[in-house]
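# Geometric and topological summary
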Amino acid sequence: MNENTIKGQWEQVKGAVKETWGDLTDDEITQLEGNRQKLSGKIQERYGRAEDVVEKEIDDWSTRHNYRF
């Protein structure tokens, strides 16, 4: 998958990210640019969750929304 496709998908799912992790600001979500590692780090920082817990949340979220990193 090329960079343009990833960015295009990210534009479509930013709202779903906001619904799930509502404490993230719109600017933070935009800056993530569809990067899983950045998303994981930001969720860990904002919610104080362990990396393994966050990774499971992201896996579950991406399955529900049919979005693959």
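These figures come from a predicted structure and were not determined experimentally. (Residues numbered from 1 in each chain as written. Predicted model: local features only at pLDDT ≥ 70, side-chain atom pairs only at ≥ 80, totals over all residues. Heavy atoms only, no water.)

## Some remarks on the side chain of S62
Where we set the bar: Numbering goes from the N terminus for both helices and strands, where a helix is a DSSP run of H or I of at least four residues and a strand is a run of E of at least two. Residue contacts are counted whenever heavy atoms from the two residues lie within 4.5 Å of one another.
Here S62 is to be found in helix α4 (residues 51-64). The contacts of S62, once residues within four sequence positions are left out, are Y67 and R68.

## Re the confidence of the model for the protein
For the record, the criterion: What pLDDT reports is the predictor's confidence in each residue, on a scale of 0 through 100.
For the protein, the mean per-residue pLDDT works out to 88, and 90% of the residues sit at or above 70. Averaged pLDDT values over the elements of the protein bottom out at 78 in helix α1 (residues 3-20) and peak at 96 in helix α3 (residues 36-47).

## Here we look at unusual backbone geometry
Applied cut-off: Residue exposure (1.4 Å probe, protein chains only): buried if accessible area is under 20% of the type maximum, exposed if over 50%, otherwise partly exposed.
The phi torsion at E33 lies on the positive side, around 55°, for a residue other than glycine. Looking at the secondary structure, you find E33 in the loop between α2 (26-32) and α3. Taking relative accessible area as the criterion, E33 reaches 42% and is therefore assigned partly exposed. With phi around 55°, N66 is a residue other than glycine that occupies positive phi space. Mapped onto the fold, N66 is located in the segment after α4. Here N66 falls in the exposed class, since its relative accessible area comes to 66%.

## Description of the packing of aromatic side chains
What counts here: Each Phe, Tyr or Trp ring, with Trp reduced to its six-membered ring, pairs with another whose centre is within 6.5 Å; inter-plane angles below 30 degrees give stacked pairs, above 60 give edge-to-face pairs, and intermediate values give tilted ones.
Evaluated as defined, the whole model comprises three aromatic pairs. Plain terms: the ring middles of W21 and W61 are 5.6 Å apart, the flat faces sit at 55° to each other, and that makes the pair tilted. On the criterion of sequence distance, the pair formed by W21 in the loop between α1 and α2 and W61 in helix α4 is long-range, its members being 40 residues apart. Each member of the pair, W21 as well as W61, is classed as buried. Here W61 and Y67 contribute two aromatic rings whose centre-to-centre distance is 6.0 Å and whose plane-to-plane angle is 65°, an arrangement assigned as edge-to-face. For W61, a relative accessible area of 0% puts it in the buried group.

## Let's talk about α4
Filter applied, for reference: Expected helix span is given by 1.5 Å per residue-to-residue step, counting one fewer step than there are residues. The directions considered for the arc run from the helix axis to the C-beta atoms.
Spanning 14 residues, α4 covers 20 Å between terminal C-alpha atoms, matching the ideal 20 Å at 1.5 Å per step. Of the positions making up α4, those classed as buried are V54, I58, W61 and S62. Looking straight down α4, one finds that the buried residues subtend no more than 95° of arc, so they occupy a single side. Turned more than 90 degrees from where α4 packs its buried face, D52, T63 and R64 sit exposed. One or two residues past the end of α4 sits N66, with phi positive at roughly 55°.

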